[in-house]
There are 6 protein chains.
Amino acid sequence: MSGIVVRTFERADLDEIAPLAERGVATVHEALGRTGLMASFMRPIWPGASIAGNAVTVTVAPGDNTMLHVVVELCRDGDVVVVAPTSPCEDGYFGDLFGGALKARGVRGTVIEAGCRDVRTLHEMRYPVWSKAVFAQGTVKETLGDVNVPLVCAGRRVEPGDVIVADDDGVLVVPRARIDEALSASLARVNKEAANRARFAAGEVGLDVYGMRDKLAAKGLRYYDDARAYAEGRSS
Amino acid sequence: MSGIVVRTFERADLDEIAPLAERGVATVHEALGRTGLMASFMRPIWPGASIAGNAVTVTVAPGDNTMLHVVVELCRDGDVVVVAPTSPCEDGYFGDLFGGALKARGVRGTVIEAGCRDVRTLHEMRYPVWSKAVFAQGTVKETLGDVNVPLVCAGRRVEPGDVIVADDDGVLVVPRARIDEALSASLARVNKEAANRARFAAGEVGLDVYGMRDKLAAKGLRYYDDARAYAEGRSS
Amino acid sequence: MSGIVVRTFERADLDEIAPLAERGVATVHEALGRTGLMASFMRPIWPGASIAGNAVTVTVAPGDNTMLHVVVELCRDGDVVVVAPTSPCEDGYFGDLFGGALKARGVRGTVIEAGCRDVRTLHEMRYPVWSKAVFAQGTVKETLGDVNVPLVCAGRRVEPGDVIVADDDGVLVVPRARIDEALSASLARVNKEAANRARFAAGEVGLDVYGMRDKLAAKGLRYYDDARAYAEGRSS
Amino acid sequence: MSGIVVRTFERADLDEIAPLAERGVATVHEALGRTGLMASFMRPIWPGASIAGNAVTVTVAPGDNTMLHVVVELCRDGDVVVVAPTSPCEDGYFGDLFGGALKARGVRGTVIEAGCRDVRTLHEMRYPVWSKAVFAQGTVKETLGDVNVPLVCAGRRVEPGDVIVADDDGVLVVPRARIDEALSASLARVNKEAANRARFAAGEVGLDVYGMRDKLAAKGLRYYDDARAYAEGRSS
Amino acid sequence: MSGIVVRTFERADLDEIAPLAERGVATVHEALGRTGLMASFMRPIWPGASIAGNAVTVTVAPGDNTMLHVVVELCRDGDVVVVAPTSPCEDGYFGDLFGGALKARGVRGTVIEAGCRDVRTLHEMRYPVWSKAVFAQGTVKETLGDVNVPLVCAGRRVEPGDVIVADDDGVLVVPRARIDEALSASLARVNKEAANRARFAAGEVGLDVYGMRDKLAAKGLRYYDDARAYAEGRSS
Amino acid sequence: MSGIVVRTFERADLDEIAPLAERGVATVHEALGRTGLMASFMRPIWPGASIAGNAVTVTVAPGDNTMLHVVVELCRDGDVVVVAPTSPCEDGYFGDLFGGALKARGVRGTVIEAGCRDVRTLHEMRYPVWSKAVFAQGTVKETLGDVNVPLVCAGRRVEPGDVIVADDDGVLVVPRARIDEALSASLARVNKEAANRARFAAGEVGLDVYGMRDKLAAKGLRYYDDARAYAEGRSS
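Structural notes, computed from the coordinates. This one's a predicted model, so the numbers in the text were calculated from it and none came from an experiment. Residue numbering note: each chain is counted from 1, following its sequence as written. For naming, the first written chain is A and the first written ligand is 1, with later ones following in the order written. pLDDT decides what is reported in this predicted model: residues at 70 or higher carry local features, side-chain atom pairs at 80 or more are listed and counted, and totals for whole chains, interfaces and linings draw on all residues regardless. Side-chain metrics in this entry use all non-hydrogen atoms of the structure; hydrogen atoms and water are not considered.

Bringing the relation of the copies chain A and chain C into the picture now. When the copies are overlaid, the least-squares fit takes in C-alpha atoms only where the residue has pLDDT of at least 70 in both copies. Of the two same-sequence chains, chain A is brought onto chain C (RMSD 0.0 Å, axial shift 0.0 Å) by a rotation of 120°. Both copies are brought into coincidence by an operation consistent with a three-fold rotation axis.

Right, here's the structure in full:
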């Protein structure tokens, strides 16, 4: 069934999605109703990168990086290459040669549910990768996969043209149809959080900022002055 | 059963326990007879922090950060917030809003057997967290837990008022009743190690510094000059 | 059966093997036909170190560091201490005292399929360790193991005198009998990669650099202009 | 965003898909080009069950089984309930009360990327469950999820009306659009395997049955009579 | 610090706690407000056992079964031996010799956060064990631990004389002070579940049995007839 | 480097090694000084099998079962096929076709640090497999490995002609050079255990059978009548 390469897809405007990188994974994830996050084992190979870009999708056979070679020439400025093996594998599919070639094409980073190698060089060239493992294990070039066909990476469905947001907190998938919502809702959240931050900075606590006290009392929250009061059942 | 909030407990004097942070987890752990260490999956979200403080304990339902909002106003200077979910969960309960609010109250750090997010911001504000995962996954506010009731976090029992020591080597629980012992025994150990370090620096090895040679010979340690001697059974 | 200590073995010339550290784990691993890599869970406790040295091998009982004390005086300039527990254990066998003693003897680093502690101090003294865990858990001195007998560490056989190459990508074992091959093949690879890098830098892609296009077409790779073309079966 | 319940969807004819259960996961998976398999951590709570049915999909909040109560009355004869938590959780969402209620409605089994409990009773009533864990941990009823909306379970996308095939080898998702292909290709495979089995039973080996000898020789396979011949480079 | 052996403690009456075994882990766990469950990696080495008994607690050094020898003569009819290593270890501390000796003393089973071996023989003699691993790795007899001192096993605090309930769903700790509550609340739960079961058997669903419909509607649950209705926003 | 097939090697006499299967993994492992055990994640796909046989070794590329086809015709009565992937992989390399072909040649079982499928059929035909996973994921036939070359499987070195002992407790490697020792030492151990069993059956405990009391007292074991006595420091 494999061996399919779809050359193009509809990409989001890069200026339009740029704020998503700035607002970050945690905020945009909340803005989308807490959906779309890849598994927590997807970690950056170096800290501090923050990106948003259009997903190019690649499936690879276990231990076989053929399709990474196929995808390079199809990438454009602002893309993020999302790679999923067809069965679990942590081999080092991705290294500095790919990083250099993709960076030259303006690719923002790579998200791979497998291994990455040459991590020091990739760090030096400031090419960010989120991966499941760091592993120098090499790969062969024998078996086909697919390019720009929907896949599941680290527990999340990704279609070509979805927007990927990634930073030190992890990797988020924003479906193409929800980009506008992600932008507006994350802006609203940033504004709201700014207001909340001011209240927190003034010493208020979440119980008041979010109006939780009555609700918690109704659920049965009981305060005791100390352990002895609790042992004696003297709530206060 | 949940919904219990105990407001206060006996806290250790901060000046008194400060040396524990300086001596570090490995040393104090040895001083306490190698007890009290949390599991190795508890890792700092940024390197270099070293703290000692009074444990405030919080249990949270899976995917629900209600009780973190409850605990903030109960925290004091020198506290360490210890959080355990009531069943295994790696959601990102803790982020920069909590970090800012707790830091403003003088809290030394957070220890959470679950996920943390906003790790870059937390690093920038120098608020240390030891967690099981970095995960942006958000939480709800529906279900009660307990505050300042004994719990188990990462394999160790923690009571409110126990002293938490944490650094790049992990997280240690010093029971309140053993604080004096921890202080005196760790001081003795530091002094003894200083003496040993001098001997090591002068080129001596542990076999002599710790007087192990005879004991090991009695246990049957045999030396061979090389692999051939070993193959031929010629110990020396 | 344990309690065997073999004092010496044939070591490689340090000047001769120095290029392996410079070329790095990923390159030398490829040069050896993609063999010899330890499991990906072996991670450096601090980033940036790159070493090559002669393996000194040590087996230790679970939770018992006796044999680390035994091995110190047998180490020489350019050695790498490789430690494997006789059953899985992540205790903190190795700390700054050992690091200091070994560094003073010219040892290049430690590779341990178990835990390491005092990681901040080890970083400050620039002594590199690759380990399975960071864990402050202390050990006892009761049970014997072996020194300089072949062992398996993190899935790879290591004999005393094999060359260990380690950097941020992981840990590689070069069998003594293949050191010359590792040197020549990695040099050839570095030269070939330099040529390839020039072509990549000029904008070529791997499909052309490695002559893959015809081979992939023969395997059935099909291109489609976009998702609609694919749905309609119009390859191009 | 959650709280969506879609009551119905197009279901496959049960007689039509029955052969998929008989042919089994491994065979149908091969027939579909080796796609659609859930992760290997999805294991049956008791051995020997083999099912095929129409997927009913349910997302649940961590530690919250609300939506399992919602889905029961929507299930029909021949359905398979597929449950995915919105963040990783192994709580015991599913037990004998649900099993009894679903069995009474003709449901074939449950596939849940979380925990199951009451496993002995479920075994006694012959209700099969494939789960990530067996865990008695109870759940609350506070937070909404979705029913019959596409989800990802154990690494695979599932849409309502996809066909689930499950047995002791694991869990397979057959997309609704590929049911016919799954039926015809698995039948072809069964027939071909029967022919092959006859040849294997007559003592032939795969190298001949699959015509692999020339291809392997071309790839460089070399035979040596024994280890000495190999050491001396005398292939044969 | 170790080397403490406490000979006796207050034990619960065996007839009194017998119903807990019959009601099972899931039911008693619910009756205690969903507290006290050990981690899900604690699995029975053979299926079908169901026990309740008084906890005898044992800590063991990694790879060292000394204290299991110490505890045998202190065990009585109806006890359950709970074993926790002082640092993580999966060695096969427990085998058929221990099983036979304990069974002869009336011990109900062993709970060990480590490895078990001789599992076929233990099954044949019907001695149940819940363990973290099955592993034949042997142990030494060099280092002391403690007997009948509180410990943490698989994430739960256990004191000598707590009641352990274990079956195919896992292992539950009932604190001694809550035994009466566990008995009465689990009986109430069994009775209530019997009533619910009758309603479920008559075809009712949990939404009605537990009165959830209004509450869910208030939380925003929306029904749609099918995917098209949902896409068009036509709830019903 | 791969593509090497060594046809034959020196095999142990099957009658001679048969007692090892009967004595079992735990006993023979002890007899060999507690060495040679594969990792605990190697589990039987069905319980109750107990084998001993001559190791045939096979390395396979990730997701590629080419070499399993190569090895079949080289197998003889009494062999055990040991399979290790060249990088970690859990694909279902081994299924009922291989099982049937090998069983017909008298092969005793398969040990594979990867996945197995068709487990129900393999159970029905009583062909035992010890594997890391049960996973239906299929494999390709593109890349060479080696046959009858030393490898590491599940953490243990295996050479062709080593003896493999496997049962419900796991998998043990007996080096060819130590077969006689394994036979004699395991016989001695069985005899000694029989004597010990008689003493245990008569009610003695290990403290006396193994003469541990004085040694433990010397190490500092202290007995206390109950918790109060311990708290008051009254050992007895």
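Right, picking up where we left off after that structure.
This part is about helix H1 (residues 14-31) of chain E. Residue and element names in this part refer to chain E. The way it works is that DSSP assigns letters per residue, a run of H or I at least four long becomes a helix, a run of E at least two long becomes a strand, and they are numbered from the N terminus. Between the first and last residue of a helix there are one fewer steps than residues, each counted as 1.5 Å, and that sum is the expected span. Between the first and last C-alpha of H1 there are merely 20 Å, a value that for 18 residues lags more than 12% behind the 26 Å anticipated at 1.5 Å per step. One axis is fitted to the seven residues ending at the residue and one to the seven starting there. The bend at that residue is the angle between these axes. Taken as a whole, H1 carries its principal kink of about 110° at glycine 24. Polar contacts, as counted here, are pairs of nitrogen or oxygen atoms within 3.5 Å of one another; within protein the pair requires one atom able to donate a hydrogen and one able to accept it, and residues that are adjacent in sequence qualify only if both atoms are side-chain atoms. The backbone nitrogen of aspartate 15 lies 3.1 Å from a side-chain oxygen of the residue at the head of H1, namely aspartate 13. Remark: glycine 33 follows H1 within two positions and exhibits a positive phi of approximately 75°.

Residues and elements named next belong to chain F. Any carboxyl oxygen of Asp or Glu within 4 Å of a side-chain nitrogen of Lys or Arg constitutes a salt bridge here. Per the stated rule, a full pass over the model turns up 102 salt bridges over all chains. As a salt-bridge pair, glutamate 30 and arginine 34 come within 2.9 Å of each other at their nearest N and O atoms. Relative accessibility under 20% of the residue-type maximum defines a buried residue, over 50% an exposed one, and the middle range a partly exposed one, all with a 1.4 Å probe and only protein chains included. On the accessibility criterion, arginine 34 (27% relative accessible area) is partly exposed.

With that settled, the discussion passes to the interface of chain A and chain C. Taken together, the contact between chain A and chain C spans 33 residues of the former and 38 residues of the latter. By buried area we mean the combined loss of accessible area, with a 1.4 Å probe, across both parts when two parts are placed together. Buried area between chain A and chain C, both sides added, is near 3,200 Å², and the carbon and sulfur share of it is 55%. A salt bridge links Arg7(A) to Asp225(C), with the shortest nitrogen-to-oxygen separation between them at 3.0 Å. At the boundary of chain A with chain C, the tally comes to 20 residue pairs in polar contact (both at pLDDT 80 or more). Broken down by secondary-structure element, the contributors of at least two residues to the side of chain A that touches chain C are strand E1 (4-6), helix H3 (66-71), helix H4 (96-104), helix H5 (119-124) and strand E7 (129-134) of chain A. By definition, residues are in contact when any of their heavy atoms lie within 4.5 Å.

A word on the interface of chain D and chain B. Every contact between the two is made by 12 residues of chain D and, on the other side, 12 residues of chain B. Together, the buried faces of chain D and chain B total about 840 Å²; carbon and sulfur atoms form 53% of this surface. When the buried surface of chain D facing chain B is broken down by residue, Pro62(D), Pro88(D) and Glu142(D) rank first, second and third, together holding 41% of it. At the boundary of chain D with chain B, the tally comes to zero salt bridges. Inspection of the region where chain D meets chain B yields two residue pairs in polar contact (both at pLDDT 80 or more).

All names here are of chain C. Within the fold, valine 174 resides in strand E11 (residues 170-174). Distance from valine 174 to alanine 231, taken between C-alpha atoms, is 50 Å for residues 57 residues apart in sequence. Residues in contact with valine 174, not counting those within four places in the same chain, are Val28, Leu32, Asp162, Val163, Val165, Ile179 and Ala182.

Right, let's talk about the packing of aromatic side chains for a bit. Two aromatic rings from Phe, Tyr or Trp, using only the six-membered ring of Trp, form a pair when their centres are within 6.5 Å; if the ring planes differ by under 30 degrees the pair is stacked, by over 60 it is edge-to-face, and anything between is tilted. Evaluation of the coordinates by the stated rule reveals 24 aromatic pairs over all chains. The side chain of Lys132(D) reaches across the aromatic face of Phe41(D), ending 5.5 Å from its centre. Each ring is checked for a lysine NZ or an arginine CZ that lies within 6 Å of its centre and within 35 degrees of its normal; such an atom marks a charge sitting over the ring.

Residues and elements named next belong to chain C. To get an axis, a line is fitted to the C-alpha atoms, and for a helix only the part in contact is used. The angle between two axes follows their N-to-C directions and goes from 0 to 180 degrees. Where helix H1 (residues 14-31) meets helix H5 (residues 179-201), the axes come as close as 9 Å, and the angle between the chain directions of the two elements is 70°. Relative to H5, the element H1 is oriented roughly perpendicular. Each of Glu16, Ile17, Pro19, Leu20, Arg23, Thr27, Val28, Glu30 and Ala31 in H1 lies in contact with H5, whose residues at this interface are Ile179, Asp180, Ala182, Leu183, Ala185, Ser186, Leu187, Arg189 and Val190. Residues are sorted three ways: Asp, Glu, Lys and Arg are charged, Ala, Val, Leu, Ile, Met, Phe, Trp, Tyr, Cys and Pro are nonpolar, and all the rest, Gly among them, are polar. Its residues assigned to classes, the contact of H1 with H5 comprises 11 nonpolar, two polar and five charged. Each angle receives one of four descriptions, namely roughly parallel if under 35 degrees, roughly antiparallel if over 145, roughly perpendicular if within 65 to 115, and oblique otherwise.

Here we take up the state of the cysteines. The disulfide criterion is simple: two cysteine sulfur atoms within 2.5 Å. In the structure shown here, the tally under the stated rule is zero disulfides over all chains. You can see Cys89(B) has no disulfide; the closest cysteine sulfur is in Cys89(D), sitting 6.5 Å from it. Take Cys89(B): its relative accessible area is 3%, and that puts it in the buried class. Cys116(D) supplies the cysteine sulfur nearest to Cys153(D), a cysteine that is in no disulfide, at a spacing of 13 Å. Cys153(D) gets classed as buried once you look at its relative accessible area, which sits at 0%.

Patches in this entry comprise residues that are over 30% relatively accessible and not in a salt bridge; like charges within 9 Å are linked, as are nonpolar side chains (Val, Leu, Ile, Met, Phe, Trp, Tyr) within 5 Å. Here the accessible surface of atoms and residues is derived via Shrake-Rupley with a 1.4 Å probe, and residues count as covered only by protein chains that are part of the display. His is not counted, nor are the chain ends; Lys and Arg add positive charge and Asp and Glu add negative charge. By convention, the charge on Lys lies at NZ, on Arg at CZ, on Asp at CG and on Glu at CD. Where like charges cluster on the molecular surface, the negative patch consists of Asp13(A), Asp15(A), Glu16(A) and Asp180(A). With respect to the secondary-structure elements, Asp15(A) resides in helix H1 (residues 14-23).

A positive phi angle, near 60°, is found at Arg126(B), a position not held by glycine. Note on placement: Arg126(B) falls in the loop between helix H4 (119-124) and strand E7 (129-134). Although it is not a glycine, Asp118(D) sits at a positive phi angle of roughly 60°. Tracing the chain through its elements places Asp118(D) in the loop between strand E6 (109-116) and helix H4 (119-124). By relative accessible area, Asp118(D) is classed as buried at 16%.

This paragraph deals with the relation of the copies chain D and chain B. Mapping chain D onto chain B calls for a screw motion: a turn of 180° about the axis and a shift of 0.0 Å along it, with 0.0 Å RMSD after fitting. A rotation of that kind, with that shift, is consistent with a two-fold axis. Comparing interface residues between copies, 100% of those in chain D also sit at the interface in chain B, which points to an isologous, same-surface contact.

Remark: a regular strand shows side chains that alternate across the two faces of the sheet. Residues and elements named next belong to chain C. Of all five residues in E11, five are buried; the element is thus mostly enclosed. The two faces of E11 match: Gly170, Leu172 and Val174 on one face and Val171 and Val173 on the other face are all buried. By the convention used here, strands pair only if DSSP detects at least 2 bridges between them. Between strand E10 (residues 163-167) and E11, which follow one another and run antiparallel, lie two residues.

So, on to helix H3 (residues 96-104) of chain F. Every buried residue of H3(F) is listed here: Asp96(F), Leu97(F), Phe98(F), Gly99(F), Ala101(F) and Leu102(F). Tucked inside the fold, the buried residues of H3(F) contact helix H5 (179-201) of chain D together with helix H2 (66-71), strand E4 (79-85), strand E5 (92-94), strand E6 (109-116) and helix H4 (119-124) of chain F. A positive phi of about 90° marks Gly106(F), the residue just after H3(F).

Everything listed is a geometric property; what it means functionally is a separate question.
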